[in-house]
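An overview of the molecular structure
Each chain is listed here by its residues.
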Amino acid sequence: MTELAPTLDARGLLCPLPVIRLQDAVRTLADGALLEVLATDPGTLHDIPAWCRVHGHSLLESHHENKDLRFRIAVRRQSQAQRSAKDAG
Amino acid sequence: MRNMDTASTKAAGPAAKSRPKAAALISGGLDSMLAAKVVLDQGVEVHGVNFFTGFCVEGHTHAIRKKDQAKDKRNNALWVAEQLGIPLHFVDVVDEYKDIVLNPKHGYGANLNPCLDCKVFMVHKALVADVLDGGFDFVITGEVVGQRPMSQRIDTMPVIARESGADDRLLRPLTAHNLSPTLPERRGWVDRAKLHGFRGRDRKPQIALAHRYGFTEHAQPAGGCCFLTDAKYAAKLQDLWNARGQRDYEFDDIMLLKVGRHLRPAPHYKLIVGREEGENNFLAGYRGRFPHLRTVSHEGPLTLVDGELTTEDALLAARIAARYSQGRAADTVTVRLNRPGAVAEELRVAPLPPMELPTAWHVGG
Ligand code: SF4
């Protein structure tokens, strides 16, 4: 059974607003925290994974749920310096 | 006057830090991408900042229109950040930006684009952006002297630096050789010799630099990021202000101006007719708040009504809705008019012949 996570409801919002709301929600969460996002704009299928990659968060899954899109994200706190060091190494 | 003077107190400089931190304005276009890359390559910690004003071409239109959905739906600013390997911070400035659009101290460009005030605002916001403790040491933009008639002139570029509060902490790497050395150059955080001296509207130097970096696939073309530069959009915004007798707008207003065919048969109401399925779906989200028409005897678009209809207006509006339906050549079309909170009415009307639809009713052409 999957762990319960808070859900951000970004349904009805058009890109880039779902990503902006996601960014604001993640800002309040600690490393390792889980967050679910519900969205309707198909653009989120592209933008949410890209945003996660850019910030180093883990997108655990994304799938269609009736007419909605559901994403499950694990917050990863890593400084830019750490990331750059990793990139360099 | 907007207060831009907090910038100087926020950014302390990297004296005690290992690496200077810079905020790069990332629009999704090529110039800001190159500018960030030039500085990133010099070992500076660069963060992308992208502003959501509500007028951005990014996102919404792509999401709304089916024909655009067929194209790549990516967010260009995010794509740029990913190519560069930098984080991207979105800043929602919809409310604050209103003052820039409605009262630009430096006026408008060719349409309703307040580019100079907009740049001042964005550079200031980027410098003090609350995404890192203590803000950024300097700001990077992709501006090039002589590229844009309003904000990118040799005499207006210092205005942006001064009024944003960034002063010499505003670095334009693509055109730096045409300007005085900035703080990051003087402190040695970036090597001025590795910056550029691009000037004017010629895009060849940018294309060549992109090639050098191996950016074979380009982001959106320069200047294509904001609806306020679009003549048709600006005409619709001006029409909205004229009709309401005041210069103001809400978020929904500026969203709706991006969608559909806008027709104003009389000063007190406007019709927004969906042009395709994606637009109809988007407009459907506003059904609870606006009177709307839908043809029932024939397939047809959704038409939203911005304003109040008299009985006579309702008949004309129904004839216009019918004109854009599959029943446009029929003798009569049945149209359902819904007003929020009222019982729906069915109107049987003759579609308005195209000749009876004056071009002057088309807002924004
Ligand atoms: S085009 Fe739009 S976003 Fe760009 S500077 Fe001008 S007003 Fe600002």
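Just so it is clear, the structure is predicted and the values come from calculations on it, not from any experiment.

Time to look at the overall build of chain B. Helix and strand counts for chain B come out as 14 helices and 11 strands. Every one of the 365 residues in chain B was classed for burial, and the buried ones make up 58%. Carbon and sulfur atoms make up 50% of the accessible area of chain B, which amounts to about 15,300 Å² in all.

All right, on to the side chain of Asp47 of chain A then. Counting through the fold element by element, Asp47 of chain A comes out in helix 2 (residues 44-55). Here Asp47 of chain A occupies a buried position and makes no salt bridge, while the nearest side chain of opposite charge, Arg74 of chain B, is found at 8.4 Å. Within the structure, the side chain of Asp47 of chain A is placed 3.3 Å from the backbone nitrogen of Asn75 of chain B, a separation counted as a polar contact.

Further remarks concern the site of the ligand. Around the ligand sit Tyr97, Pro114, Cys115, Cys118, Arg148, Cys225, Cys226 and Thr229 of chain B, and that is every residue in its neighbourhood. For the shell around the ligand, the residue count by class is 6 nonpolar, 1 polar and 1 charged.

So, about the pairing of strand 4 (residues 68-74) of chain A. All names here are of chain A. By the criterion of burial, strand 4 is predominantly enclosed, with 7 of the 7 residues buried. Here strand 4 shows two buried faces, one formed by Asp68, Arg70, Arg72 and Ala74 and the other by Leu69, Phe71 and Ile73. As paired strands, strand 2 (residues 34-39) and strand 4 are joined by 6 bridges and run antiparallel to one another. Counted as the bridge partner of Leu38 is Arg70 from strand 4. Where strand 3 (residues 58-65) lies against strand 4, 7 bridges are found, and the strand directions are antiparallel.

All names here are of chain B. For the coordinates displayed, the defined rule picks out 10 aromatic pairs over all chains. An aromatic cluster of three or more residues is present, and its members are Phe55, Tyr97, Phe121, Phe227, Tyr233 and Tyr249. Between Arg74 and the ring centre of Trp79, over which it is positioned, the NZ or CZ distance is 4.0 Å. Cation over ring: Arg247 sits above Trp241, and NZ or CZ is 4.5 Å from the ring centre.

Okay, the pattern of salt bridges next. Under the definition given, this model contains 26 salt bridges over all chains. Notably, a salt bridge pairs Arg21 of chain A with Asp92 of chain B, separated by 3.5 Å at the nearest N-O pair. Taken as a pair, Arg21 of chain A in helix 1 (residues 17-27) and Asp92 of chain B in strand 3 (residues 88-92) lie in two separate chains rather than in one. Given the relative accessible area of 30%, Arg21 of chain A is considered partly exposed. A salt bridge links Glu36 of chain A to Arg70 of chain A; the shortest N-O distance between them is 2.4 Å. Remark: Arg70 of chain A occurs in strand 4 and Glu36 of chain A occurs in strand 2; sequence separation between them is 34 residues. The same class applies to Glu36 of chain A and to Arg70 of chain A, which are both buried. Ionic contacts of the salt-bridge type, sharing partners, join the residues Glu36, Glu65, Arg70 and Arg72 of chain A into one network.

Counting 59 residues, the largest nonpolar core has Leu22 and Val37 of chain A together with Val46 and Phe138 of chain B as the members making the most contacts within it. The element best represented in this core is helix 2 (residues 30-40) of chain B, accounting for 8 residues. Excluding its chain neighbours within four sequence positions, the residues that come into contact with Phe138 of chain B are Pro20, Lys21, Ala22, Ala23, Val39, Val44, Leu127, Arg169, Leu171, Pro184, Trp189 and Val190 of chain B. Counting 51 residues, the second largest nonpolar core, distinct from the first, contains Leu14 of chain A together with Leu116, Met150 and Ile254 of chain B.

Turning next to helix 14 (residues 311-323) of chain B. All names here are of chain B. Taking 1.5 Å as the rise per residue, helix 14 with 13 residues should run 18 Å; its terminal C-alpha atoms sit 19 Å apart, in good agreement. Along helix 14, the residues classified as buried are Asp313, Ala314, Ala317, Ala318, Ile320, Ala321, Ala322 and Arg323. Summarising the contacts, the buried residues of helix 14 are in contact with strand 6 (261-266), strand 7 (269-273), strand 8 (292-295), strand 9 (302-307), strand 10 (333-338) and strand 11 (345-349).

Moving on, we get to the confidence of the model for chain B. Residues shown with low pLDDT carry predicted positions that ought not to be read at fine detail. All names here are of chain B. Summarising the model, chain B shows a mean pLDDT of 89, and 87% of its residues fall at 70 or more. Ignoring residues within four places in sequence, the model shows residues 1-16, a span with pLDDT below 50, making 36 contacts including any to other chains. ipTM for the predicted complex: 0.88, alongside a pTM of 0.89.

It is worth spelling out the sheet that holds strand 2 (residues 45-52) of chain B at this point. Sheet architecture is open: 5 strands sit in the order 3-2-1-4-5 (chain B), paired in parallel fashion. Each having just a single partner strand, strand 3 and strand 5 (170-171) of chain B make up the two edges of the open sheet. Taken together, the 5 bridges between strand 2 of chain B and strand 3 of chain B define a ladder with parallel strand orientation. Its bridge partner lying in strand 3 of chain B, Val49 of chain B is registered against His89 of chain B. Here helix 1 of chain A sits on the sheet and contacts strand 2 and strand 3 of chain B; the angle it forms with strand 3 of chain B, its principal contact strand, is near 105 degrees.

Residue and element names in this part refer to chain B. Two elements in contact, helix 2 and helix 5 (residues 76-84), have axes separated by 11 Å at closest approach and are oriented at 25 degrees. The orientation of helix 2 relative to helix 5 falls into the category roughly parallel. Crossing geometry of helix 2 relative to helix 5 is assigned as right-handed. Seen from helix 2, the contacting residues are Met33, Ala36, Lys37 and Leu40; seen from helix 5, they are Trp79, Val80, Gln83 and Leu84. When grouped by side-chain class, the residues that make up the contact of helix 2 with helix 5 number 6 nonpolar, 1 polar and 1 charged.

This next bit is on unusual backbone geometry. The residue after Cys15 of chain A, namely Pro16 of chain A, is reached through a cis peptide bond having omega 10 degrees. Mapped onto the elements, Pro16 of chain A comes out in the loop between strand 1 (7-10) and helix 1. One non-glycine residue, Asp167 of chain B, lies in the positive phi region at around 50 degrees. Looking at the secondary structure, you find Asp167 of chain B in the loop between helix 8 (157-164) and strand 5. Asp167 of chain B gets classed as partly exposed once you look at its relative accessible area, which sits at 42%.

About the thresholds
- Residues numbered from 1 in each chain as written.
- Chains lettered and ligands numbered in written order.
- Predicted model: local features only at pLDDT ≥ 70, side-chain atom pairs only at ≥ 80, totals over all residues.
- Heavy atoms only, no water.
- Helix = DSSP H or I, 4+ residues; strand = E, 2+ residues; numbered from the N terminus.
- Buried < 20%, exposed > 50% of the residue type's maximum accessible area, 1.4 Å probe, protein only.
- Areas by Shrake-Rupley, 256 points an atom, 1.4 Å probe, with all protein chains shown as cover.
- Lys, Arg positive; Asp, Glu negative; His and termini not counted.
- Salt bridge = Lys/Arg side-chain N within 4 Å of Asp/Glu carboxyl O.
- Polar contact = N/O pair within 3.5 Å; in protein donor to acceptor, adjacent residues only side chain to side chain.
- Near = heavy atom within 4 Å.
- Nonpolar A, V, L, I, M, F, W, Y, C, P; charged D, E, K, R; others polar.
- Pairing = 2+ DSSP bridges.
- Phe/Tyr/Trp six-rings, centres within 6.5 Å; stacked < 30°, edge-to-face > 60°.
- Lys NZ or Arg CZ within 6 Å of the ring centre and 35° of its normal.
- Core = buried A, V, L, I, M, F, W, Y, C linked by side-chain atoms within 4.5 Å.
- Contact = heavy atoms within 4.5 Å.
- Expected span 1.5 Å × (residues − 1).
- pLDDT = per-residue confidence, 0-100.
- Axes fitted to C-alpha atoms, helices over the stretch in contact; angles between N-to-C directions.
- Parallel < 35°, antiparallel > 145°, perpendicular 65-115°, else oblique.
- Left-handed = near helix turned anticlockwise from the far one by under 90°.

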